[in-house]
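Listed here are the chains, written in short residue letters.
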Amino acid sequence: MNKSALIAQIKQKESFLCIGLDVDLAKIPTHLLEKKDPIFEFNKQLIDATHNLAVAYKPNIAFYEAYGIKGWKSLKKTINYLNKNYPEIFTIADAKRGDIGNTSTRYAKAFFEDLNFDSITVAPYMGSDSVEPFLAFENKTTILLALTSNKGGLDFQGLKTNTGALYKNVLKTALTWKNAQNLMFVVGATKPAYFAEIRKIVPNHFLLVPGVGAQGGNLQEVCNHGLTKDCGLLINSSRGIIYAGNDINFAKAAKKEAFRLQQEMKIILNENN
Ligand SMILES: O=C(O)c1cc(=O)[nH]c(=O)n1[C@@H]1O[C@H](COP(=O)(O)O)[C@@H](O)[C@H]1O
């Protein structure tokens, strides 16, 4: 999916919500455990209930890998279900990959070709030749970690260098890489004070912003300095939405929480116009 299709979807749905599908069998409603594929059943009901309110879904791959082959099958069924039934949705494989070029190409093939995700999260630590193999894929997006939401995110990302904090160097350097137009960046919602500075470096790129909901990030604070004329933000909430309810009506509870966020987003988008 290209950027203009994503922007059109944001306008149409008046939403820039991304729902994280971080499925933990210990947390899903117990009645689903009797199903043949509880993870897929959980995702399918969530997606059917919320697809009008969200523009993106982000399965975090760790939650599937943790269940071995069964988990990978549930992941494949989930992405196939999204692509077949809701092709307008932007899909993110939250895999945080990145390795020597030869290996990165195989990661890119796995997530862009075999699984057919629109995008993947990638770590910048190994530099240009570890990220450019992802960027080489046409119509696919590489979402580079810049300033992450966790407390330890600043351990390295905040290190001061002669040319500014390390995360700023990541942003500036990534813009010089081949096919940099295919980049988005991860910036945590828990660090709203950094958005103004970040927008000086990347005024137009989309930012994937996790950390609203369970991690306590605030939507309005992120938007104050994060929004661009095209919106430029995808705000992710995982646990805050998918575990909003824990019984037979879990999908309704998830929809209610997604709706609450979408309504806030609608007001923000209208004010931004
Ligand atoms: O790349 C990510 O999505 C990510 C980056 C980051 O800085 N912080 C962060 O929480 N995430 C992911 O975003 C999701 C947040 O989940 P919740 O805290 O449950 O909303 C998890 O899948 C995290 O792995």
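Source: prediction; values computed, not measured.

Points about the overall build of the chain
Here is step 1 of the chain: Counting its regular elements, the chain contains 12 helices and 10 strands.
Here is step 2 of the chain: Taken against the 2.2 N^0.38 rule, which gives 19 Å for 273 residues, the C-alpha radius of gyration of the chain at 18 Å falls within 12% of a compact globule.
Here is step 3 of the chain: A buried classification covers 53% of the 273 residues belonging to the chain.
Here is step 4 of the chain: Carbon and sulfur atoms make up 52% of the accessible area of the chain, which totals about 12500 Å².
Here is step 5 of the chain: For the chain, the distance from the average position of its 33 positive side-chain charges to the average position of its 25 negative side-chain charges is 0 Å.

A short note on the site of the ligand
Here is step 1 of the chain: Taken together, 18 residues are adjacent to the ligand, and Asp22, Ser149, Gln215, Ser238 and Arg239 come closest.
Here is step 2 of the chain: Taking Ser238, its main chain carries an N or O atom lying 2.9 Å from an oxygen atom of the ligand.
Here is step 3 of the chain: If you map the ligand onto the pockets, it falls in the largest pocket.
Here is step 4 of the chain: Looking at the shell around the ligand, the elements that each hand over two or more residues are strand S3 (90–97) and strand S10 (233–237).
Here is step 5 of the chain: Looking at side-chain class alone, the shell around the ligand contains 5 nonpolar, 8 polar and 5 charged residues.

Concerning the environment of Thr161
Here is step 1 of the chain: On the secondary structure map, Thr161 appears in strand S6 (residues 160–161).
Here is step 2 of the chain: Linking Thr161 and Ala56, residues 105 residues apart in sequence, is a C-alpha distance of 35 Å.
Here is step 3 of the chain: Non-local contacts of Thr161, meaning those with residues more than four positions away in its chain, are made with Leu166 and Asn169.
Here is step 4 of the chain: There is a polar contact of 2.6 Å between the side chain of Thr161 and the backbone oxygen of Gly164.
Here is step 5 of the chain: There is a polar contact of 3.2 Å between the side chain of Thr161 and the side chain of Asn169.

A short note on the side chain of Lys191
Here is step 1 of the chain: Mapped onto the elements, Lys191 comes out in the loop between strand S8 (183–187) and helix H9 (195–201).
Here is step 2 of the chain: Buried charge Lys191 goes without a salt bridge, the closest partner of opposite sign being Asp155 at 9.1 Å.
Here is step 3 of the chain: If we skip the residues at most four places from it in the chain, Lys191 touches Leu147, Thr148, Ser149, Asn150 and Leu154.

Here's the deal with the packing of aromatic side chains
Here is step 1 of the chain: Throughout the structure, instances matching the rule amount to 7 aromatic pairs.
Here is step 2 of the chain: Ring centres 6.3 Å apart and planes at 40° place the aromatic pair Trp72 and Phe111 in the tilted group. Residue Trp72 is located in helix H4 (residues 68–85), and its partner Phe111 is located in helix H5 (residues 101–114); the two are separated by 39 residues in the primary sequence.
Here is step 3 of the chain: With a centroid separation of 6.3 Å and 70° between ring planes, the pair formed by Tyr81 and Tyr86 is classed as edge-to-face. Side by side, Tyr81 and Tyr86 carry an identical accessibility label, which is buried.
Here is step 4 of the chain: Three or more aromatic residues joined by ring pairs make a cluster, and in this case those are Phe40, Tyr81 and Tyr86.

A short note on the UniProt feature "domain: Orotidine 5'-phosphate decarboxylase" (unreviewed entry) in the chain
Here is step 1 of the chain: Under the present numbering, the feature "domain: Orotidine 5'-phosphate decarboxylase" (unreviewed entry) in UniProt falls on residues 16–254.
Here is step 2 of the chain: Between the end C-alpha atoms of residues 16–254 there is a gap of 16 Å, over a span that is 40% helix and 18% strand.

What to know about the layout of surface pockets
Here is step 1 of the chain: By volume, the largest pocket is sized at about 420 Å³.
Here is step 2 of the chain: Forming the walls of the largest pocket are 27 residues, and the residues nearest its centre are Asp22, Lys58, Asp94, Pro210 and Gln215.
Here is step 3 of the chain: For the lining of the largest pocket, the secondary structure elements donating two or more residues are S3, strand S9 (207–210), S10 and helix H11 (239–242).
Here is step 4 of the chain: Residues of the lining of the largest pocket, tallied by class, amount to 8 nonpolar, 12 polar and 7 charged.
Here is step 5 of the chain: Of the volumes computed, that of the second largest pocket is approximately 340 Å³.
Here is step 6 of the chain: For the second largest pocket, the lining is made up of 16 residues, of which Pro124, Tyr125, Gln157, Leu166 and Val170 are closest to its centre.
Here is step 7 of the chain: Among the elements of the structure, strand S5 (141–147), helix H7 (153–157) and helix H8 (166–174) are those that each provide at least two residues to the lining of the second largest pocket.
Here is step 8 of the chain: The biggest single contributor to the lining of the second largest pocket is H8, with 5 residues.

Parameters at a glance
Residues numbered from 1 in each chain as written. Predicted model: local features only at pLDDT ≥ 70, side-chain atom pairs only at ≥ 80, totals over all residues. Heavy atoms only, no water. Helix = DSSP H or I, 4+ residues; strand = E, 2+ residues; numbered from the N terminus. Rg over C-alpha atoms; globule rule 2.2 N^0.38 Å. Buried < 20%, exposed > 50% of the residue type's maximum accessible area, 1.4 Å probe, protein only. Areas by Shrake-Rupley, 256 points an atom, 1.4 Å probe, with all protein chains shown as cover. Lys, Arg positive; Asp, Glu negative; His and termini not counted. Charge placed at Lys NZ, Arg CZ, Asp CG, Glu CD. Near = heavy atom within 4 Å. Polar contact = N/O pair within 3.5 Å; in protein donor to acceptor, adjacent residues only side chain to side chain. 1 Å grid on protein atoms, 1.4 Å probe; cavity = no way out; pocket = protein on both sides within 12 Å on 5 of 7 lines; lining within 4 Å. Sits in = over half its atoms within 2 Å of the grid points. Nonpolar A, V, L, I, M, F, W, Y, C, P; charged D, E, K, R; others polar. Contact = heavy atoms within 4.5 Å. Salt bridge = Lys/Arg side-chain N within 4 Å of Asp/Glu carboxyl O. Phe/Tyr/Trp six-rings, centres within 6.5 Å; stacked < 30°, edge-to-face > 60°. UniProt positions renumbered as here; feature names shortened; annotations may be inferred. Points joined across faces, edges and corners; volume = space filled by probe spheres on them.

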